[in-house]
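Chain by chain, the residues run as shown.
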Amino acid sequence: MRTIPLRQALREAMEEEMRRDPSVFLMGEEVAQYNGAYKVSQGMLDEFGPKRVIDTPISELGFAAIGVGAAMNGTRPIIEFMTWNFAELAIDQIVNHAAKMVSMTGGHFNSPIVFRGPNGSAGQLAAQHSQAFENWYANVPGLKVISTVDPYDAKGLLKSAIRDNDPVVFMESESLYGEMGEVPEEEYLIPIGKAAVKRQGTDVTLVSYNKMMKVAMATADELAKENISVEVIDLRTIRPLDWQTIVDSVKKTNRLVIVEEQWPFGSVGAEIAYRIQKEAFDYLDAPVRRIASADANMHYAPNLVAAYLPNVERTVKLVREVMYVNK
């Protein structure tokens, strides 16, 4: 094992797949000459050349459309968005073309394409550059949605996404490209659709994904000081979602709290809460609770950013409530 940053784990995944399969290529804004906006593709132009690491104009709809067409014709494109906030301009290509291609053509055309880039907030970037979109894309039949920041998970899942015959939305984190983690020297794959129990516990299940996993793990550490044992699950894949891992955990702990960065209305957490009350109602000793971002646009001021996002203090308070602990 070796310890590397998230950006390197993502780069290694793309490099390994491009060496293995000549039909894989990377395309997006500044991915080539500039080595990537966040240096994820650093050095890839030198190895693979301008026909496989392709700089594009600032036109998300245009290069996403080229990617979809290329995927229909036998290649496996990786389309990088500088941020998923900009991918709104390409949502027609993702939702109306890539996601629907197999069903609309009666199975004659697949769309083996990966759309990837940073998602969610990244500090004081204000309302138009701080949005988390997992639930948007997870609501679309035909798309697979992955959201992770752990280097080990990111590398194994990105390799699986590149090999998948369906379009995959791959969401990273702008503020955590330097996040360090252990990654094996040897090649490995992580199956899409399998959550990971990052911490075993017996008193309450805490479910999260992407950068909110840092809040979840810190919450578990804090509550351990009070002898509250928290089981932490990283969803990793939002669609297909690994319901069984959550249900099995709730059957053990009898309590569930969900932490996510999205707006609360119609969120991933809302869907999980519904499904758990349906599948594991008799095991619950407290209502399912969730904490999300504020039901508002994020502002620029740092005090409003802090008020907008879930944090450890508020999550600890929520867990105490489902444990019926007054403090």
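Source: prediction; values computed, not measured.

Trainee: So what's going on with empty space enclosed by the protein? Residues and values would help.
Mentor: Inspection of the entire model under this criterion finds two cavities of 30 Å³ or more. By volume, the largest cavity amounts to about 50 Å³. Looking at the largest cavity, the residues that line it are Asn119, Gly120, Ala132, Glu134, Tyr209, Asn210, Lys211, Met212, Glu260 and Glu261. The residue makeup of the lining of the largest cavity, split by class, is three nonpolar, three polar and four charged.

Trainee: How would you summarise the sheet that holds strand E10 (residues 204-208) if you had to cite specific residues and measurements?
Mentor: The strand order E9-E11-E10-E13-E14 describes an open sheet built from five strands, whose pairing is mixed. In this open sheet, the two strands that pair with only one neighbour each are strand E9 (196-199) and strand E14 (289-291). For this sheet, the mean inter-axis angle between neighbouring strands, taken without regard to orientation, is 25°. As judged from the five bridges shared by E10 and strand E11 (residues 230-234), these two strands associate in the parallel manner. The residue of E11 that forms the bridge with Val207 is Ile233. Contacting E10, strand E13 (256-259) and E14, helix H10 (residues 268-279) crosses the sheet at an angle of about 165° to E13.

Trainee: Residues and numbers for unusual backbone geometry, please.
Mentor: With omega at -5°, the peptide bond leading from Arg239 into Pro240 counts as cis. For Pro240, the position within the fold is in the loop between strand E12 (237-239) and helix H9 (243-253). A positive phi angle is found at Asn254, which is not glycine, with a value near 70°.

So, how was this worked out
Residues numbered from 1 in each chain as written. Predicted model: local features only at pLDDT ≥ 70, side-chain atom pairs only at ≥ 80, totals over all residues. Heavy atoms only, no water. 1 Å grid on protein atoms, 1.4 Å probe; cavity = no way out; pocket = protein on both sides within 12 Å on 5 of 7 lines; lining within 4 Å. Points joined across faces, edges and corners; volume = space filled by probe spheres on them. Nonpolar A, V, L, I, M, F, W, Y, C, P; charged D, E, K, R; others polar. Pairing = 2+ DSSP bridges. Helix = DSSP H or I, 4+ residues; strand = E, 2+ residues; numbered from the N terminus. Axes fitted to C-alpha atoms, helices over the stretch in contact; angles between N-to-C directions. Contact = heavy atoms within 4.5 Å.

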